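# Architecture at a glance
Below, each chain spelled out in residue letters.
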2 protein chains.
Amino acid sequence: MLEHGGRLRVAAARYGIPLADWLDLSTGINPCAWPVPAVPASAWLRLPQDNDGLEAAACAYYGTEHLLPVAGSQAAIQALPPLRPPCRVGVLHPGYAEHAHAWRRARHTVTSVSAKELNDIVPQTDVLVLINPNNPTGARFTADQLLHWHAQLAARGGWLVVDEAFMDAAPEESLARFCPRLGLIVLRSLGKFFGLAGARVGFVFAEPVLLDQLYAHLGPWTVTAPSRWVATQALADFPWQQTARRRLALDSERLAFLLKCHGFTPHGGCALFQWVCSPHASEFHDRLARRGILTRRFESRMPGATDPPSLRFGLPGDETGWARLDAALQALSDATICA
Amino acid sequence: MLEHGGRLRVAAARYGIPLADWLDLSTGINPCAWPVPAVPASAWLRLPQDNDGLEAAACAYYGTEHLLPVAGSQAAIQALPPLRPPCRVGVLHPGYAEHAHAWRRARHTVTSVSAKELNDIVPQTDVLVLINPNNPTGARFTADQLLHWHAQLAARGGWLVVDEAFMDAAPEESLARFCPRLGLIVLRSLGKFFGLAGARVGFVFAEPVLLDQLYAHLGPWTVTAPSRWVATQALADFPWQQTARRRLALDSERLAFLLKCHGFTPHGGCALFQWVCSPHASEFHDRLARRGILTRRFESRMPGATDPPSLRFGLPGDETGWARLDAALQALSDATICA
């Protein structure tokens, strides 16, 4: 089990600041989530049923019908590795750590690969796993580049696994519409853009045989009935999606600008977070936490790792949050200059 | 993947009767479920967090603190078999078929055992899996008997797995309070008694090391945040639980009496269903379905199986339902006598 950024409760205990007083920027989740209406009471009572409208709404939203609803990307991340006999797996690093963890658990030989090394490793790899846009670096890969790698891997019976957890703000860059294609696996989630992390709903796009294997492996009723209902409505709410995309683009730019103004120029980012590298990342994380602002700190524990210590900043959800972050960054900046 | 009784949708299509017009007695789920209040909107937004109150409420309700919340009993049923190297597993038959299915999938040697044969098979078994009270037969096992079998199994490093999905109406018979005990694994669920099958919440009771293994195997966030919130409230609603127990006892007796009056004397049952054996079970199931009443039909597909064809009847939820069932059983009874 890995540690996760969502653990606000732990920080609250550690810093002695009540839960309600935190500005939680640690998650990369849209702070202005899709507004969940009252769920019909009946949804809690019956076993979840396939094809209750969720699959249809997802087909329309993602632009492909070869999909399987799962209990968040995490469920797919854990379920994919056991479906192959042990093989050589290249995993983008830095990146969401659960991928490498899951492939190692299933006894594959996992190599961490930087974005620059990806092209070189493809010929020596059976499965390539990456996140697009990457978390936390914000690195992006074009569909052309990805399909080129996929073709090389698929020709040898390999897989390209693309985790698109942060893709909803720029859906035209998604590989979902190229599915099904032998050896191409795309993961999506309602946790980040829709802000529905508590609902545990995601989708896998892949060839039908692989989706059948995943379904058999995961078993029935993995997505709750209320979550299915909520996800169905959210995926069909086109006007909200359009507005959210515009808002996230503005807020992400605003966050990058704010960080830059205080001397913390981001090294990357996407619509839902900005990424700041610094040898003082650990200290910054601590100083911000003392003011009740939780960021996500990345520090590689891998032997020989060269990725720099860094902080990921999610978006504040309201003007009070923006002002608090502004003030905290100003204080951090002053302290850094004085030191 | 096995077929399940909850698939009302399939029956609706097959018999050309709209979903809303069915009296669904196929599930064994309490038709008068715990009344779910409005869930706080915030529950959908954040990742589910351990120790948010759910574990504490469960400790109080079940009377033991060595537990792990899981996404319904089904999640535990699938996760347990891979935690042991292939061994000899005795599974009560007839019984909920997912148990045998899951142990076979994990390459164990599974033997189907009737209730009468259980005592004899223990010495030749590493894992014994049973349901108490059993589904669909309603057979019950005393705590003394179960602990006796458990002691024999545990002495050889074996497990006794007791699925108590239908135990909440008679909690004094549960083995949960005897946990943790090496090699004793008890499964509970909020799907049946609380009627919250859509929420996917259950619990595993076992020794701490095994719970840790299960947690690592299942991964984080398996129970959604809204489901955690709902389950926490339901487990703490002592007055509702008391009333529900009294009501289920009366309704179960009423159902048994109604069936008997029409010549379909149950061979067993519990608070949430009655079980009727008949060589004509398949025909009865069909005739009831033509009138929009869905029951659960059991017919062994195992070679050499001697268990009789049977029907399981869940409880109607209101007087209209009772009257409909009464009329349908009368018609069935008339047709059977005429034939």
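Since the model is a prediction, treat every value here as computed from it, not as a measurement.

With that out of the way, let us pick up the overall build of chain A. When helices and strands are counted, chain A shows twelve helices and 13 strands. The C-alpha atoms of chain A give 20 Å as radius of gyration, which agrees with the globular expectation for 339 residues (20 Å, within 12%). By residue count, 57% of the 339 residues in chain A fall in the buried class. Intrachain contacts of chain A at a sequence separation of at least 6 include 71% that bridge at least 24 residues. Accessible surface for chain A amounts to roughly 14000 Å². Of this, 55% is attributable to carbon and sulfur atoms.

Turning next to the confidence of the model for chain A. The predicted structure's coordinates, where accompanied by low pLDDT, should not be read in detail. When the pLDDT values of chain A are averaged, the result is 94; 96% of them are 70 or greater. Interface confidence for the predicted complex, expressed as ipTM, amounts to 0.92; the pTM equals 0.93.

Now for the relation of the copies chain A and chain B. Mapping between the two chain copies consists of a rotation about an axis together with a translation along that axis. The transform that puts chain A on chain B rotates by 180 degrees and translates by 0.0 Å along the axis, for an RMSD of 0.0 Å. Taken together, the turn and the small shift mark the pair as related by a two-fold rotation axis. For chain A, the residue whose C-alpha comes nearest the rotation axis is Ala38 of chain A, separated from it by 3.4 Å. Both copies present the same face, since 100% of the interface residues in chain A are matched by interface residues at the equivalent positions in chain B.

In this section: the interface of chain A and chain B. Taken together, the contact pairs 44 residues of chain A with 44 residues of chain B. Taking both partners together, chain A and chain B bury about 3700 Å²; carbon and sulfur atoms supply 60% of that area. At the boundary of chain A and chain B, one finds one salt bridge. For Asp24 of chain B, the salt bridge goes to Arg46 of chain A, with nearest N and O atoms at 4.0 Å. For the interface between chain A and chain B, the tally reads 16 residue pairs in polar contact (both at pLDDT 80 or more). Contributions of two or more residues to the side of chain A that touches chain B are made by α1 (8-15), α2 (42-45), α4 (72-79), α5 (98-105), α8 (208-218) and α9 (225-236) of chain A.

Moving on, we get to empty space enclosed by the protein. In this structure the tally under the stated criterion is three cavities of 30 Å³ or more. Volume-wise, the largest cavity comes out at about 110 Å³. Classifying every residue of the lining of the largest cavity gives eight nonpolar, two polar and two charged.

All names here are of chain A. For the pair α4 and α5, interaxial distance at closest approach is 8 Å and the crossing angle is 30 degrees. In this view, α4 runs roughly parallel relative to α5, as classed from their interaxial angle. In this structure, α4 contributes Gln74, Ile77 and Gln78 to the contact, and α5 contributes Glu98, His99 and Ala102. By residue class, the composition of the contact of α4 with α5 is two nonpolar, three polar and one charged.

Residue and element names in this part refer to chain B. Within the secondary structure, Thr232 is located in helix α9 (residues 225-236). Taking relative accessible area as the criterion, Thr232 reaches 16% and is therefore assigned buried. A distance of 2.6 Å separates the side chain of Thr232 from the backbone oxygen of Arg228, its partner in a polar contact. Not counting residues up to four positions away in its chain, the partners in contact with Thr232 are Gly53, Leu54 and Ala57.

Let's shift gears to α5 of chain A. All names here are of chain A. Among the residues of α5, Glu98, His99, Ala100, Ala102 and Trp103 are the ones counted as buried. Turning to α5, the residues buried within the fold contact α4, β3 (88-92), β4 (109-113), β5 (127-131), β6 (159-163) and β7 (184-189). Downstream of α5 by one or two residues, Arg107 has phi in the positive range, about 70 degrees.

What follows concerns the environment of Ala155 of chain B. Residues and elements named next belong to chain B. Summarising the element assignment, Ala155 is placed in helix α7 (residues 143-155). In this structure Ala155 comes out as exposed when scored by relative accessible area, which is 68%. Residues Ala155 and Gly183, 28 residues apart in the sequence, show an inter-C-alpha distance of 8.8 Å.

Residue and element names in this part refer to chain A. In the structure shown here, the tally under the stated rule is 24 aromatic pairs over all chains. Between Phe264 and Phe284, the aromatic rings sit 5.2 Å apart at their centres with planes inclined by 80 degrees, giving edge-to-face as the arrangement. Taken as a pair, Phe264 in the loop between α10 (238-261) and β9 (268-270) and Phe284 in helix α11 (residues 281-290) lie far apart in primary sequence, 20 residues in all. Here Phe264 matches Phe284 in class, with each residue buried. Here the guanidinium or amino end of Arg84 rests over the ring plane of Trp159, the centre of that ring lying 5.0 Å away. Geometry around Phe273 places Arg312 over its ring, the cationic atom sitting 5.7 Å from the centre.

Further remarks concern helix α3 (residues 54-62) of chain A. Residues and elements named next belong to chain A. Along α3, the residues classified as buried are Leu54, Glu55, Ala57, Ala58, Tyr61 and Tyr62. What you see down the axis of α3 is that its buried residues fit within an arc of 160 degrees, all on one side. Of the exposed residues in α3, the ones pointing more than 90 degrees away from its buried face are Ala56 and Ala60. Next to the buried residues of α3 lie β2 (67-70), β7, β8 (202-205), α9 and α10. Downstream of α3 by a residue or two, Gly63 has a phi angle that is positive, lying close to 80 degrees.

This paragraph deals with unusual backbone geometry. Put simply, Asn132 of chain B and Pro133 of chain B share a cis peptide bond, and its omega is -10 degrees. Here Pro133 of chain B is to be found in the loop between β5 (127-131) and α7. For the peptide bond that leads from Cys179 of chain B to Pro180 of chain B, omega is 0 degrees, which places it in the cis range. Of note in this structure, Trp221 of chain A is not a glycine but carries a positive phi near 65 degrees. You can see Trp221 of chain A is positioned in the loop between α8 and α9. By relative accessible area, which is 13% here, Trp221 of chain A ends up buried.

Rules behind the numbers
- Residues numbered from 1 in each chain as written.
- Chains lettered and ligands numbered in written order.
- Predicted model: local features only at pLDDT ≥ 70, side-chain atom pairs only at ≥ 80, totals over all residues.
- Heavy atoms only, no water.
- Helix = DSSP H or I, 4+ residues; strand = E, 2+ residues; numbered from the N terminus.
- Rg over C-alpha atoms; globule rule 2.2 N^0.38 Å.
- Buried < 20%, exposed > 50% of the residue type's maximum accessible area, 1.4 Å probe, protein only.
- Contact = heavy atoms within 4.5 Å.
- Areas by Shrake-Rupley, 256 points an atom, 1.4 Å probe, with all protein chains shown as cover.
- pLDDT = per-residue confidence, 0-100.
- Least-squares fit on C-alpha atoms with pLDDT ≥ 70 in both.
- Buried area = accessible area lost by both parts, 1.4 Å probe.
- Salt bridge = Lys/Arg side-chain N within 4 Å of Asp/Glu carboxyl O.
- Polar contact = N/O pair within 3.5 Å; in protein donor to acceptor, adjacent residues only side chain to side chain.
- 1 Å grid on protein atoms, 1.4 Å probe; cavity = no way out; pocket = protein on both sides within 12 Å on 5 of 7 lines; lining within 4 Å.
- Points joined across faces, edges and corners; volume = space filled by probe spheres on them.
- Nonpolar A, V, L, I, M, F, W, Y, C, P; charged D, E, K, R; others polar.
- Axes fitted to C-alpha atoms, helices over the stretch in contact; angles between N-to-C directions.
- Parallel < 35°, antiparallel > 145°, perpendicular 65-115°, else oblique.
- Phe/Tyr/Trp six-rings, centres within 6.5 Å; stacked < 30°, edge-to-face > 60°.
- Lys NZ or Arg CZ within 6 Å of the ring centre and 35° of its normal.
- Arc of directions from axis to C-beta.

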